[in-house]
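Chain residues, written in single-letter form:
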Amino acid sequence: MPSITSELKEMDFCLPDFKNSNLSLMNEFARNKGRHIKRGKKRVILIVDGLGYDTLEKAAEKDAQISRFIERNTLEKISTVFPSYTPSVIISLNSGFEVVQHGIVGDFFSKEYEKMINPFKLSWMPSTDEVKGSAPRIMPRPAILESISKRGGFVYAMRDNVLDKELRSDFVSKANFIAHTGNEDLFVGIEELLRSGNFEFIYAYTDALDHFSHRYSKGGEETVRLTARLLRDIMGLEDKLKKADVELFVFSDHGQIVMTKDSREKILWNDKFMDFLEMPVFGNTRGFFMKLADGKEKAFEDYFEKKYSKKAALFDTEELIKAGIFGSKKPSEFARYNLADKTGITKGNNSFSFTSYESEKFRSRNPYISENKGTHGGMSREEMEIPLLRIG
């Protein structure tokens, strides 16, 4: 019988490589040693949400100036974690916890609050109340960021709408932070810090490219144009970085796939699919987790195979955990619950949405102007392979 990892590879899934990943890189920064670390260097990290390795490659192919810029610096292909979903990844990068430890796979269930929770409505770091123990602890401590900040000169440069949530957290409220409204604003802030030298480590994040890739797809004219502009802005920092003896690390949380109308599988609250489940589906549209009702496992497997096997692969979650797909550590109780019994990983560019009765009523009153043309959260090469570009 083939191993679960062999089975995943045969299906052309791209497995996370934890030894060569955005998470292993962040651990190097926390330890202040590793193969990417040069002693005595000031550092800037720029996390470009949604920048897949293939997207960077295509931008270089279309623009000789960008291509030359990449060639004279250092580009590596690295891995992200699974699910390749922003909360899952960023929580890991900030805390050093693997997904198997923190358990935020997308929408998740909190026993303390007795409800399903959308992580985008929360800060991804614990609040002061959580730290004091006067509120249930959901998010792990940002241990990696704490380790870096203890050395002094730490600056947190974050998109304003994200920072609004994070200011509830114990860490960010005490940090030296800079809010920005978008890429132009962010690069002005970085340039000012390079001129002043008042930092040792800058953690910067931008979500504009991810937004465009969702809205217009990563191959859309608008996204291609934004990618080129972003890389030119980074190019504009090159001489300033060298002059200030600062190294810039540009990487991502995940890549994206392109969606079509035929690739969307929408499962409503009253669909037969839901009859097999003990509770709503956890996770995201590309990697989803199901807690089955007692005695319904075989019937569900047969049903899924017959109706959905062309669009998604179904696995026993326990097998994926043992194979190290969510990380090498022992699962926490919280994570094990949210990883559930069965895991669905979508094939190709397919996506699954699971819609509750309440959200159906809401959508009927407020129809979307347009549907997204890109998404992520799965295990395709496009989502899992990301760039690490080192400048200066």
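Cut-offs applied
Residues numbered from 1 in each chain as written. Predicted model: local features only at pLDDT ≥ 70, side-chain atom pairs only at ≥ 80, totals over all residues. Heavy atoms only, no water. Phe/Tyr/Trp six-rings, centres within 6.5 Å; stacked < 30°, edge-to-face > 60°. Buried < 20%, exposed > 50% of the residue type's maximum accessible area, 1.4 Å probe, protein only. Lys NZ or Arg CZ within 6 Å of the ring centre and 35° of its normal. Helix = DSSP H or I, 4+ residues; strand = E, 2+ residues; numbered from the N terminus. Contact = heavy atoms within 4.5 Å. pLDDT = per-residue confidence, 0-100. Pairing = 2+ DSSP bridges. Axes fitted to C-alpha atoms, helices over the stretch in contact; angles between N-to-C directions. Salt bridge = Lys/Arg side-chain N within 4 Å of Asp/Glu carboxyl O. Core = buried A, V, L, I, M, F, W, Y, C linked by side-chain atoms within 4.5 Å. Polar contact = N/O pair within 3.5 Å; in protein donor to acceptor, adjacent residues only side chain to side chain. Expected span 1.5 Å × (residues − 1). Arc of directions from axis to C-beta. Patch = residues over 30% accessible without salt bridge, like charges linked within 9 Å, V, L, I, M, F, W, Y side chains within 5 Å. Areas by Shrake-Rupley, 256 points an atom, 1.4 Å probe, with all protein chains shown as cover. Lys, Arg positive; Asp, Glu negative; His and termini not counted. Charge placed at Lys NZ, Arg CZ, Asp CG, Glu CD.

1. Examining the packing of aromatic side chains
Then, number 1: By the definition in use, this model includes 27 aromatic pairs.
Then, number 2: A centroid spacing of 5.7 Å and a plane angle of 65° characterise the contact between Phe120 and Trp124, whose relative ring orientation is edge-to-face.
Then, number 3: For Trp124, a relative accessible area of 8% gives the class buried.
Then, number 4: Every member of this aromatic cluster is reached through a ring pair, and the members are Phe273, Phe276, Phe288, Phe300, Tyr303, Phe304, Tyr308, Phe352 and Phe354.
Then, number 5: One residue, Lys165, lies across the ring of Trp124, its end atom 5.0 Å from the ring centre.
Then, number 6: Here Lys291 stacks its cationic end above the ring of Tyr337, 4.4 Å away from the centre of that ring.

2. Quick notes on helix α3 (residues 53–62)
Then, number 1: Among the residues making up α3, those that are buried are Tyr53, Asp54, Thr55, Leu56, Ala59 and Ala60.
Then, number 2: Here the buried face of α3 lies against α4 (64–71), β2 (74–79), α13 (221–235), α19 (381–384) and β17 (385–391).

3. Details of the confidence of the model for the chain
Then, number 1: When pLDDT is averaged across the chain, the result is 94; 96% of the residues are at 70 or more.
Then, number 2: Long-range and interchain partners of residues 361–369, a stretch whose pLDDT sits below 50, account for 3 contacts in this model, where long-range means more than four residues apart.

4. As for the sheet that holds strand β14 (residues 342–346)
Then, number 1: Strands sit in the order β11-β12-β14-β13 across an open sheet of 4 strands; the sheet is antiparallel. Across the chains shown, the open sheet's two edge strands, defined by having one partner strand only, are β11 (282–283) and β13 (312–316).
Then, number 2: Where helix α15 (residues 297–308) meets the sheet, its contacts fall on β12 (287–290), β13 and β14, and the angle it forms with β13 comes to roughly 160°.

5. Let's talk about the pairing of strand β8 (residues 246–251)
Then, number 1: Of all 6 residues that make up β8, 6 are buried, and the element is covered over most of its length.
Then, number 2: Burial along β8 is two-sided: Val246, Leu248 and Val250 and Glu247, Phe249 and Phe251, pointing in opposite directions, are all buried.
Then, number 3: In terms of strand pairing, β8 meets β17 through 3 bridges, oriented antiparallel. For Val250, the partnering residue across the bridge sits in β17 and is Leu389.

6. Looking at the environment of Val48
Then, number 1: Mapped onto the fold, Val48 is located in strand β1 (residues 42–48).
Then, number 2: By relative accessible area, Val48 is classed as buried at 1%.
Then, number 3: Setting aside its immediate chain neighbours within four residues, Val48 contacts Thr206, Leu209, Leu230, Val250, Phe251, Ser252 and Asp253.

7. Notes on the pattern of salt bridges
Then, number 1: Under the counting rule described, the total for this entry stands at 23 salt bridges.
Then, number 2: We note a salt bridge from Glu238 to Arg72, for which the minimum N-O separation is 2.9 Å. With Glu238 in helix α14 (residues 238–244) and Arg72 in the loop between α4 and β2, this pair connects stretches of sequence that are 166 residues apart.
Then, number 3: Classification of Arg72 as partly exposed rests on a relative accessible area of 48%.
Then, number 4: Overlapping salt bridges, with partners in common, bring together Arg35, Glu76, Glu247 and Arg390 in one network.

8. Describing the nonpolar core
Then, number 1: Ranked by internal contacts, the top residues of the largest apolar core, which has 64 residues, are Leu8, Phe29, Tyr203 and Phe251.
Then, number 2: When residues of this core are assigned to their parent elements, the largest contribution, 5 residues, is made by helix α2 (residues 22–31).
Then, number 3: Look past the residues within four positions of Tyr203 in its chain and what remains in contact with it is Met26, Ile45, Ile47, Ile90, Asn94, Leu145, Phe154, Val155, Tyr156, Ala157 and Met158.
Then, number 4: Judged by nonpolar contacts, the second largest core, of 34 residues, contains Val155, Phe187, Leu231 and Val246.

9. Remarks on the side chain of Glu383
Then, number 1: Along the chain, Glu383 turns up in helix α19.
Then, number 2: Among the residues examined, Glu383 registers a relative accessible area of 0% and is labelled buried.
Then, number 3: At 2.7 Å, the side chain of Glu383 forms a polar contact with the side chain of Arg286.
Then, number 4: A polar contact of 2.8 Å, which involves the side chain of Glu383, links it to the backbone nitrogen of Gly378.
Then, number 5: Residues within four places of Glu383 in sequence aside, it is in contact with Thr80, Ser84, His254, Gly255, Gln256, Ile257, Arg286, Thr375, His376, Gly377 and Gly378.

10. Section: helix α11 (residues 183–196)
Then, number 1: Over its 14 residues, α11 runs 20 Å from end to end, which matches the ideal 20 Å to within 8%, given 1.5 Å per residue.
Then, number 2: Turning to α11, its buried residues number three or more, namely Asn183, Leu186, Phe187, Gly189, Ile190, Leu193 and Leu194. In an axial view of α11, the angular spread of the buried residues amounts to 160°, which keeps them on one side of the axis.
Then, number 3: Among the residues trailing α11, Gly197 stands out with phi positive, at a value near 75°.

11. Overview of a positive patch on the surface
Then, number 1: A contiguous patch of positive charge on the surface is contributed by Arg31, Lys33, Arg39 and Arg151.
Then, number 2: Within the secondary structure layout, Arg31 lies in helix α2.

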